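Observations on the model geometry
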Amino acid sequence: MLWTASRVIRKFSTSTIYYQNKLRLALIGQSLFGQEVYSNLRKEGHKVVGVFTVPDKDGKADPLAVAAEKDGTPVFKFPRWRVKGKPIPEVVTAYKSVGAELNVLPFCSQFIPMDVIDHPKHGSIIYHPSLLPRHRGASAINWTLIHGDKQAGFSIFWADDGLDTGPILLQRSCPVEPNDTVDTLYNRFLFPEGIKAMVEAVQLIADGKAPSISQPDDGATYEGIQKKDNAKIYWDQPAEAIHNWIRGHDKVPGAWTVIDNQAVTLYGSSLLEGATPPGQPLEITEGRKPGIVTKNGLVLFGKDGKMLMVRNLQFEDGRMIPASKYFSTGETTTVELTEEEHNVALKIKSIWKGILSNVAVIEDSTDFFKSGAASMDVVRLVEEIKQQCDGLELQNEDVYMATKFEDFIQMVVRKLRGEDKEDFVVDYASRNINSMTVNMPHQCFINGQFMDAEDGKTYETINPTDGSVICKVSYCSVADVDKAVAAAKDAFENGEWGKMNARDRGRLLYRLADLMEEHQEELATIEAIDSGAVYTLALKTHVGMSVQTFRYFAGWCDKIQGSTIPINQARPNRNLTFTKKEPIGVCAIVIPWNYPLMMLAWKSAACLAAGNTLVLKPAQVTPLTALKFAELTVQAGIPKGVINILPGSGGLVGQRLSEHPDIRKLGFTGSTPIGKQIMKSCAVSNLKKVSLELGGKSPLIIFNDCDLDKAVRMGMGAVYFNKGENCIAAGRLFVEESIHDEFLRRVVEEIKKMKIGDPLDRSTDHGPQNHKAHLEKLLEYCEIGVKEGATLVYGGRKLPRPGFFMEPTVFTDVEDHMYLAEEESFGPIMVISKFKDGDVEEVLRRANNTEYGLASGVFTKDISKAMYVSEKLQAGTVFINTYNKTDVAAPFGGFKQSGFGKDLGEEALHEYLKTKAVTVEY
């Protein structure tokens, strides 16, 4: 290997790699962060000529020293660099001997003399975890949270003789989420992105492109290390300020208050929204009102009346407990380990031994921290357990809660068994109806919790059977949309869902389908009272097909595959090109009111199977089954943030979803005009991927050689199924002239037999229209038809009873230019036009003479004619001698202004996937 000042040449048997502009580096510092920076700089071809770190502690070397010694890099372990403010000559001499061109200080707790800082050709660069000039000094991450900053980040700057005052070389920022902690900020952004940025900064210096931007004086702050005495909580503040104070002091030194005459330190704070949960009051000395010990933690109140919750409490003797256990005896039952759990315990014991190398034997009584572990060892322990124990996810606070090995293993076993899950609180609107008690959530569902809308607004959802109010539902705002999208983004990028293997994802979706089936009667009842769907139809179709849809896509989770592609070889080397199918990210789904649960299932099942997270807006008039579905997702174990449900208006919630920059895909079912507006907003905002299932005017052609009994029965179903509120409803029937009158007679005869009434009555055939405004629109539709000269054969009126009931209606003699022939009714209105016997081409021309192309149908016994007509009809679905026969395995979607993209079937998955091509040379 030949090193020069700016280049290294590495020769291998297969190829030669040239590294241009590489430097000789001295790394000064410590910790896992320093170790990762060191390793990545070496990978990029820079030569680390010396590592200067802290001495071993309790016989344990710092991680940076461990990595360097393993590589044979010279390592120096100086306890200090200066005495009484003056450099130690032999230390400085040892440093200068390595001949570094640049000092890199990724994390350094020691004071480094200016003789060392200024010695290399390129000086020294330092990583600092704040956006300088804000939060100079130690504990910068803590102060970012304490001050409630909306942006966090880090700076890499040129070292000078001031305290974090040198010129800026590079900065990166990220948003601070409402419940971020020091740990989450560090693990999500400051650690991984900081490593990348340090490497980038060194390369910029090597290439002569590194900037040097003086720090401004405006906005500069300096905060020192907080001590326990200064960390007392003052309660005369808003809840958010108290929350920021607690999370900013978590874990060191810990924010504290006085409870029952002793100082108690509070950990694990989060803001809490929604109704105040039930629990036992706890007096807080100097608090404005008592806290509440709940099943999930200790609820506290700010002076604004808003809430926060803390998960853990630590007493003066060092004992730490879950806040939910404050009033308990403190006794826990030791669980017996299975063979598999025993094997996990052995792996963890080995990990403890690797960290606590100074401890001869790890015993049940061994205390992690009393044996010499520090905060960085907590990170290492959590990460090694995750790596070696099949992805077992622990949090840093789990280690602090169980510091003795025996307690730690018991905690791990309870997590493995799912016994650590938090209780899930739902505020129900309950009704005794349909011989059962129906419990309906009515709040927004965001990040795994039900909560009120940000501004507290609600609206009434109406039972179309009698016009009565079912309950009040949260009316989401733009702020709620942003909160839900942030939760979905975090779940995708940082949460368990994004890391989960496909088979486990499928297992969760299967479990969700099972729960939907277990609750099918309750779901069908809610669907009936909220949308007017006949209960028996809701049970079979609205709910039944939803269950089938989730089961179908659950099976696809581990079968999503790319392909290998032969390409021209770059001789003398060889190439391999393959494609990967990857989830898109955060998806928005906006669904209509005609099949509230089924439309949710059609889109969200494919979206989730592909590995995405979602924010779903149900129709404003039918939100309740979507919110009940949200409750079931928690029971199924879907991680928080993966699914978010936002009831409210399309103009507010739907519009914000289409404009939101963090949403990468939007699936919409609804009207064509709204679909066009959504598509425009998606394009202008960030060019989101869009799939649209829009309006229809589906033609049904009935030839005189059909099975007339079947054609009458199926033709009525094509129009009146689900009260005509059916996207693929036959909007226009073309009946061959010779059978027109008989067809019409039989239809009217059958309509008169239909029972119209309460959708919960098992004998009801036809329920109420979905909502009042829609009923009024249908009556206006009929009035226009009569005015234009179409023949009203039957119906066209509102029934004289409470609720939104309309008679099934039949028009004939409808000519091509009429409003009824061109526009969709989306209701129980049969529109019939005659065509001349034998004139196949003419009826095809008329059937296709529409801007819509969602579905179509043909009835004939002549299979050749049927296949010819199906080929010529311009629609996404063609039914032959049947109608409304959809299946979860068959793709569904329209042509022309009925939209594009598919629901159901394998094709639906591709709406929620992106294709990446990878080419390898070898």
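Residues numbered from 1 in each chain as written. Predicted model: local features only at pLDDT ≥ 70, side-chain atom pairs only at ≥ 80, totals over all residues. Heavy atoms only, no water.

**Description of the overall build of the protein chain**
Test applied: Segments assigned H or I by DSSP are reported as helices when at least four residues long, segments assigned E as strands when at least two residues long, and all are numbered from the N terminus. Throughout, exposure labels follow a simple rule: accessible area from a 1.4 Å probe, protein chains only, divided by the maximum for the residue type, with under 20% read as buried, over 50% as exposed, and the rest as partly exposed. Contacts are residue-level and defined by heavy atoms, with any inter-residue pair within 4.5 Å sufficient. To be clear on the numbers: accessible area is Shrake-Rupley with a 1.4 Å probe, and residue cover counts the displayed protein chains and nothing else. Two residue types count as positive, namely Lys and Arg, and two as negative, namely Asp and Glu; His and chain ends fall outside the count. By convention, the point assigned to a charge is CZ for Arg, NZ for Lys, CD for Glu and CG for Asp.
Looking only at helices and strands, the protein chain has 27 helices and 43 strands in total. Counting over 922 residues, the protein chain shows a buried share of 54%. When contacts within the protein chain are restricted to residue pairs at least 6 apart in sequence, long-range pairs at least 24 apart make up 69% of them. Here the protein chain has roughly 40100 Å² of accessible surface; of this, 50% comes from carbon and sulfur atoms. Of the charged side chains in the protein chain, 106 are positive and 118 negative, and the gap between their average positions amounts to 4 Å.

**Thoughts on the packing of aromatic side chains**
Rules: Only Phe, Tyr and Trp rings take part, Trp by its six-membered ring, and two of them pair if their centres are within 6.5 Å. Stacked means planes under 30 degrees apart, edge-to-face means over 60, and tilted covers everything else.
Scanning all chains against the criterion turns up 27 aromatic pairs. A centroid spacing of 4.6 Å and a plane angle of 45° characterise the contact between Phe33 and Tyr127, whose relative ring orientation is tilted. Placement of Phe33 in helix H1 (residues 31–43) and of Tyr127 in strand S10 (residues 124–128) is noted, with a sequence separation of 94 residues between them. According to the relative accessible area criterion, Phe33 is buried, its value standing at 2%. A relative accessible area of 9% means that Tyr127 is categorised as buried. Between Phe52 and Phe76, the aromatic rings sit 4.7 Å apart at their centres with planes inclined by 10°, giving stacked as the arrangement. Placement of Phe52 in strand S5 (residues 47–53) and of Phe76 in strand S6 (residues 75–77) is noted, with a sequence separation of 24 residues between them. In this pair, the class of Phe52 matches that of Phe76, namely buried. A network of ring pairs unites the aromatic residues Phe33, Tyr127, Phe154, Tyr186, Phe189 and Phe191 as a single cluster.

**What to know about helix H19 (residues 650–659)**
The condition is simple: Working note: the arc is built from the helix axis to C-beta atom directions.
Looking at H19, one finds that the buried residues are Val653, Gly654, Leu657 and Ser658. Angular distribution of buried residues about the axis of H19 spans 130°; they occupy a single face of the element. Those residues of H19 that are buried lie in contact with helix H12 (478–493), strand S28 (586–590), strand S29 (613–617), strand S31 (665–669) and helix H20 (672–686).

**Quick notes on the environment of Tyr922**
Within the secondary structure, Tyr922 sits in the segment after strand S43 (913–921). In sequence terms Tyr922 and Leu608 are 314 residues apart; their C-alpha atoms lie 36 Å from each other. Tyr922 has contacts with Asn573, Arg574, Asn575 and Leu576, leaving out every residue within four places of it along the chain.

**Thoughts on the sheet that holds strand S40 (residues 877–880)**
The following threshold applies: By this definition, two strands are paired if DSSP reports at least two bridges between them. Each axis is a line fitted through C-alpha atoms, and for a helix only the stretch in contact is used; angles between axes span 0 to 180 degrees, taken between their N-to-C directions.
Within the open sheet, the seven strands sit side by side as S35-S36-S37-S34-S33-S39-S40. Their pairing is mixed. At either margin of the open sheet sits one strand with a lone partner, and together these are strand S35 (791–794) and S40. Here the strands of the sheet are splayed against their neighbours by 20° on average, with no regard to which way each runs. Strand direction decides the pairing type here: strand S36 (residues 809–812) and strand S37 (residues 829–835), joined by three bridges, are parallel. By the bridge assignment, Thr809 is partnered in S37 with Ile829.

**Things to note about the pairing of strand S27 (residues 575–583)**
Alignment of strand S26 (residues 564–565) against S27, held across two bridges, turns out to be antiparallel. Within S27, the residue paired with Thr564 across the bridge is Phe578.

**Here's the deal with the sheet that holds strand S4 (residues 24–28)**
With respect to topology, seven strands assemble into an open sheet ordered S6-S5-S4-S9-S10-S11-S12, the strand pairing being mixed. Looking at strand neighbours, the two that pair on one side only are S6 and strand S12 (168–175), the edges of this open sheet. Neighbour to neighbour, the strand axes of the sheet diverge by 15° on average, direction disregarded. Set on the sheet, H1 makes contact with S4, S5, strand S9 (102–105) and S10; between it and S4 the angle comes to about 170°.

**Comments concerning the packing of helix H15 (residues 520–531) against helix H18 (residues 624–636)**
For clarity, the cut-off: Put simply, angles under 35 degrees are roughly parallel, angles over 145 are roughly antiparallel, angles from 65 to 115 are roughly perpendicular, and the rest are oblique. Put simply, Ala, Val, Leu, Ile, Met, Phe, Trp, Tyr, Cys and Pro go in the nonpolar bin, Asp, Glu, Lys and Arg in the charged bin, and everything else, Gly too, in the polar bin.
Close contact between H15 and H18 brings their axes to 9 Å; oriented N to C, the two are set at 155°. Relative to H18, the element H15 lies roughly antiparallel. Along its contact with H15, which presents Glu522, Leu523, Ile526, Glu527 and Asp530, the element H18 presents Leu624, Thr625, Lys628 and Leu632. By residue class, the composition of the contact of H15 with H18 is four nonpolar, one polar and four charged.

**Quick word on the pattern of salt bridges**
Side chains that differ in sign of charge can pair as their charged atoms come close. Our working rule: Within this document, salt bridges are pairs made up of a side-chain nitrogen of Lys or Arg and a carboxyl oxygen of Asp or Glu, the two lying within 4 Å of each other.
By the definition in use, this model includes 41 salt bridges. Between Glu240 and Lys150 there is a salt bridge, with its nearest N and O atoms 3.4 Å apart. Highlighted residues: Glu240 in helix H7 (residues 239–248) and Lys150 in the loop between helix H5 (140–146) and strand S11 (151–158), separated in sequence by 90 residues. Relative accessible area serves as the criterion here: at 39%, Glu240 is assigned to the partly exposed category. Note on Lys150: relative accessible area 57%, which makes it exposed. Its salt-bridge partner being Glu393, residue Lys499 comes within 3.9 Å of it at the nearest N-O pair. You can see Lys499 sitting in helix H13 (residues 496–499) and its partner Glu393 sitting in the loop between helix H9 (375–388) and helix H10 (396–401), a full 106 residues away along the chain.

**Regarding the packing of H1 against helix H2 (residues 63–71)**
The contact between H1 and H2 brings their axes to 7 Å, and the two run at 30°. Taken as axis vectors, H1 and H2 run roughly parallel relative to one another. Across the interface between the two elements, Ser31, Leu32, Gly34, Gln35, Tyr38 and Arg42 of H1 pack against Pro63, Leu64, Ala67, Ala68 and Asp71 of H2. Classifying every residue of the contact of H1 with H2 by side-chain character gives six nonpolar, three polar and two charged.

**Quick look at the nonpolar core**
This is how it is decided: By nonpolar core is meant a set of buried Ala, Val, Leu, Ile, Met, Phe, Trp, Tyr and Cys residues that side-chain atoms within 4.5 Å join together.
Ranked by size, the top nonpolar core spans 105 residues in total, and within it Met516, Phe550, Ile702, Leu733, Phe743 and Met830 carry the most contacts. Considering every element that reaches this core, the biggest residue donor is helix H17 (residues 596–609), with 11 residues. Not counting the four nearest positions on each side in its chain, Met516 is found in contact with Leu523, Val543, Ser546, Val547, Phe550, Leu597, Phe629 and Leu632. Counting residues in each nonpolar core, the second largest holds 42 residues, with Phe33, Ala67, Ile156 and Val176 among its members.

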